[in-house]
Amino acid sequence: MIRVAVAGAAGRMGRNLVTACSEADDLELTQALERADSAALGSDAGLLAGVGERGVEIADALDPDAFDVLIDFTHPSATVRHLEFCHRHGKRLVVGTTGCDAGLEGRMRAAGEDIAIVYAANMSVGVNLCLQLLATAAAVLGDSVDIEIVEAHHRHKVDAPSGTALAMGRTIAETLGRDLGQCAVYGREGQTGARARETIGFATIRAGDIVGEHSVIFADEGERIEIVHKASSRMTFARGALRACRWIAAQKPGLYAMRDVLGMR
Ligand code: NAD
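It should be emphasised that the depicted structure is a prediction, and the values quoted were computed from it without experimental measurement.

What counts as what
Residues numbered from 1 in each chain as written. Predicted model: local features only at pLDDT ≥ 70, side-chain atom pairs only at ≥ 80, totals over all residues. Heavy atoms only, no water. Axes fitted to C-alpha atoms, helices over the stretch in contact; angles between N-to-C directions. Helix = DSSP H or I, 4+ residues; strand = E, 2+ residues; numbered from the N terminus. Parallel < 35°, antiparallel > 145°, perpendicular 65-115°, else oblique. Left-handed = near helix turned anticlockwise from the far one by under 90°. Contact = heavy atoms within 4.5 Å. Nonpolar A, V, L, I, M, F, W, Y, C, P; charged D, E, K, R; others polar. Disulfide = S-S within 2.5 Å. Buried < 20%, exposed > 50% of the residue type's maximum accessible area, 1.4 Å probe, protein only. Core = buried A, V, L, I, M, F, W, Y, C linked by side-chain atoms within 4.5 Å.

It is the contact of helix α3 (residues 76–89) with helix α4 (residues 102–111), at a shortest axis distance of 11 Å, that shows an interaxial angle of 15 degrees. If you check the angle between α3 and α4, you find them roughly parallel. In the crossing of α3 with α4, the sense of the turn from one axis to the other is left-handed. Across the interface between the two elements, P76, T79, V80, L83, E84 and H87 of α3 pack against L104, R107, M108 and A111 of α4. In the contact of α3 with α4, the residues fall into 6 nonpolar, 2 polar and 2 charged.

Here you go:
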């Protein structure tokens, strides 16, 4: 039995993770973490998630002896502290938080020398399959097509473009030997001039309760290919995170991606 701690347990993803844990026979939720000023402190994590009492109270601190893997879907400012905690106590970590900057990613790489970490901006199996399909499409279509990425999420999302859209852009740019930092165009307005072929355009929609949609368009004159992924429930991310959790429980130290978890390297 793998003992799981969930950080951000009262959040949208946290409650889905608690639900997914309650459905699994081989994972046991033993700790539920929230911020010190959260109104959810002291509540039962299962009751809050709507899956009945689990006997795990939401707390503002973790007991390192009471869990094997921490799953973190919070905010980069919290993730950095959870990373430090897991590093200090030799604990495994699954990070789904998005909006992590290069500094935090560097800290995860450094901690990966000592502990095993899975870090993925999108834990859905379908999205990770799409990343593979995008690399194939970019390799075949090469530099002759215009590439645009359109993503849509709910009104509460705080970062843009989504971590998944950026991961898609990075996969394509790497395949084409481009630097995403140089070729990305984040939105257009006014007299933009004609489109430069080597750019990768991003467009962002924030509306209502959209769970997460990504379309990547490869457009040439005469034909267009679109690779589209639509998430209709957050449980897809939660189940992917638990898959990462089972996998990382048996790995050597390192910083891994969902590609590794799914055996798609
Ligand atoms: P949310 O705002 O509903 O939940 C975040 C929770 O983290 C909140 O309950 C908040 O109180 C808590 N939190 C903040 N600081 C904390 C701290 N120091 N200690 C403990 N808890 C703390 O957000 P959400 O929609 O659940 O998303 C959370 C993160 O997961 C975001 O970065 C989002 O983009 C990302 N996300 C990733 C995936 C994926 O597949 N990787 C999927 C969905 C969302």
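As a further point, take the state of the cysteines. The final tally for this structure, using the stated rule, is 0 disulfides. Between C86, a cysteine without a disulfide, and C245, which holds the nearest cysteine sulfur, the sulfur-to-sulfur distance is 11 Å. Sulfur of C100: no disulfide; nearest cysteine sulfur belongs to C86 and is 14 Å away. Taking the relative accessible area as the measure of exposure, C100 reaches 11% and is therefore buried.

Membership of the largest hydrophobic core comes to 42 residues, with the highest contact counts inside it found for V4, L17, I71, V94, V118, M123 and C245. When residues of this core are traced back to their parent elements, those giving at least two are β1 (2–7), α1 (12–23), β2 (27–33), α2 (45–49), β4 (69–72), β6 (116–119), α8 (235–248) and α9 (258–261). It is α8 that contributes the most residues to this core, 8 residues altogether. With residues up to four places along the chain from it excluded, the contact list for M123 reads F73, V94, V95, G96, N128, T236, F237, G240, A241, A244 and M258. Grouped together as the second largest cluster of nonpolar side chains are 22 residues, L131, A165, A173 and A184 included.

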